[in-house]
Amino acid sequence: MENYFSSRRKFVGTVAAGASALMAGIPSLEGKPMDTTKAGEAEAWFNKVKGSHRIVYDAPEPHNGFPVIWSWVYYTSNNETGSADNDLTAMVVLRHNAIPLAMEDRLWEKYKFGEMFKINDNNTGAPALRNPFWVPQGKDLPMPAIEGMKRLQERGALFCVCNMALTVYSGVAGRAMGMEAEEVKKDWLSGILPGVQVVPSGVWAVSRAQEKKMAYCYAGG
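I will try to describe carefully the structure that is included in this document. (Residues numbered from 1 in each chain as written. Predicted model: local features only at pLDDT ≥ 70, side-chain atom pairs only at ≥ 80, totals over all residues. Heavy atoms only, no water.)

Looking at the nonpolar core
Then, in step 1: One finds L94, I99, M103, F113, M149, V161 and W188 to be the most contacted residues of the largest nonpolar core, which totals 47 residues.
Then, in step 2: Take this core: its biggest share by element is five residues, from helix α3 (residues 66–80).
Then, in step 3: Excluding residues that lie within four positions of it along the chain, I99 makes contacts with L94, F117, V161, C162, A165, L166, Y169 and W188.
Then, in step 4: Ranked by size, the runner-up nonpolar core spans 15 residues in total, among them A42, F46, M91 and A205. (Core = buried A, V, L, I, M, F, W, Y, C linked by side-chain atoms within 4.5 Å. Buried < 20%, exposed > 50% of the residue type's maximum accessible area, 1.4 Å probe, protein only. Helix = DSSP H or I, 4+ residues; strand = E, 2+ residues; numbered from the N terminus. Contact = heavy atoms within 4.5 Å.)

So, in structure tokens, the structure goes:
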């Protein structure tokens, strides 16, 4: 049992070091650019922005799910003031430590995202082994009425995730687990949730959103 906890501490420590490296811009951890086809898909994705009322939530941290919660609040409060969903767009840019929100339960369990990104399951108090923000269950979100990412997408909300952060963190996780960085990133990309768009970087997406005349809201905590 001691060996298990020692290895988990080493894993989390390695991930934390990787996060520091990302902020410092160490060349060995720099992400590879997206190919032109994928980048073109990301550009075209922004054509989904619609309506008179538009907002982008810049989410570099999970922040207890508030990037998702505030998107729900945006739709709900606009409905209450007379604007229908088809006249609204809320976009959430998942970057840096918020990238696990873009990935399916299988990856949360396999790579221990709850530990890696310090996200607890509110139903158990332990590090989350599934994505509590996609289809919320029980106490995942503060009120039962709050909708998760899947339902918000159905209402027109848009979610995207930073390719640069996926590259860096998959490399860090791979090194900690004795796996090839390319293998881990391929696995992560295969587990991106339906409808979530991979973009070259989160800051690229925030810039594109503002070019679409979307109001800016920092959602990182």
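Anyway, onward from the coordinates.
What about the sheet that holds strand β1 (residues 53–59)?
Backbone-to-backbone hydrogen bonds pair the strands of a sheet. The strands run either parallel or antiparallel.
Then, in step 1: An order of β4-β3-β2-β1-β5 is seen for the five strands of this open sheet, with the pairing classed as parallel. Of all strands in the sheet, those with a lone pairing partner are β4 (197–199) and β5 (215–218), marking the two edges. Direction aside, neighbouring strands of the sheet carry axes that sit 25° apart on average.
Then, in step 2: With seven bridges joining them, β1 and strand β2 (residues 88–94) adopt parallel strand pairing. Within β2, the position partnered with D58 by the bridge is V93.
Then, in step 3: The strands touched by helix α7 (residues 163–177) are β3 (158–162) and β4; relative to β3, the strand with the most contacts, the crossing angle is about 45°. (Pairing = 2+ DSSP bridges. Axes fitted to C-alpha atoms, helices over the stretch in contact; angles between N-to-C directions.)

Concerning unusual backbone geometry
Then, in step 1: Within the chain, H96 stands out as a residue other than glycine whose phi angle is a positive 50°.
Then, in step 2: Checked against the element boundaries, H96 lands in the loop between β2 and α4 (105–111).
Then, in step 3: A residue is classified by how much of its surface remains accessible, and H96, at 14% relative accessible area, is buried.
Then, in step 4: The residue K112 is not glycine, and still its phi comes out positive at about 55°.
Then, in step 5: In this structure, K112 sits in the loop between α4 and α5 (113–116).

Comments concerning α3
Then, in step 1: Across its 15 residues, α3 extends 20 Å between first and last C-alpha, which sits within 8% of the 21 Å expected from 1.5 Å per residue.
Then, in step 2: Of the positions making up α3, those classed as buried are P67, V68, I69, S71, W72, Y74, Y75 and N78.
Then, in step 3: Tucked into the core, α3 has its buried residues touching β1, β2, α6 (149–155) and β3.
Then, in step 4: Directly beyond the C-terminal end of α3, a positive phi value near 100° is found at G82. (Expected span 1.5 Å × (residues − 1).)

Describing the side chain of R155
Then, in step 1: Topologically, R155 is positioned in helix α6.
Then, in step 2: Residue R155 is classed as buried on the basis of its relative accessible area, which comes to 9%.
Then, in step 3: Here the side chain of R155 touches D85 through a polar contact of 2.9 Å, side chain to side chain. (Polar contact = N/O pair within 3.5 Å; in protein donor to acceptor, adjacent residues only side chain to side chain.)

A word on the packing of α7 against helix α8 (residues 181–190)
Then, in step 1: In the contact formed by α7 and α8, the axes pass within 8 Å of each other and the chain directions differ by 125°. One element, α7, and the other, α8, form an angle in the oblique class. Considering how the two elements wind past one another, α7 and α8 form a crossing that is right-handed. Where α7 approaches α8, its residues N163, L166, T167, Y169, S170, G171, A173 and G174 are matched on the opposing element by A181, V184, K185, W188 and L189.
Then, in step 2: Counted by class, the contact of α7 with α8 contains seven nonpolar, five polar and one charged residues. (Parallel < 35°, antiparallel > 145°, perpendicular 65-115°, else oblique. Left-handed = near helix turned anticlockwise from the far one by under 90°. Nonpolar A, V, L, I, M, F, W, Y, C, P; charged D, E, K, R; others polar.)

A short note on the environment of N97
Then, in step 1: Following the sequence through the fold, N97 ends up in the loop between β2 and α4.
Then, in step 2: Along the primary structure N97 and K118 are separated by 21 residues, whereas in three dimensions their C-alpha atoms are 9.2 Å apart.
Then, in step 3: Excluding anything up to four places from it in sequence, N97 contacts P60, E61, P62, F117 and Y169.
Then, in step 4: Among the polar contacts listed, one links the side chain of N97 to the side chain of Y169, at a separation of 2.7 Å.

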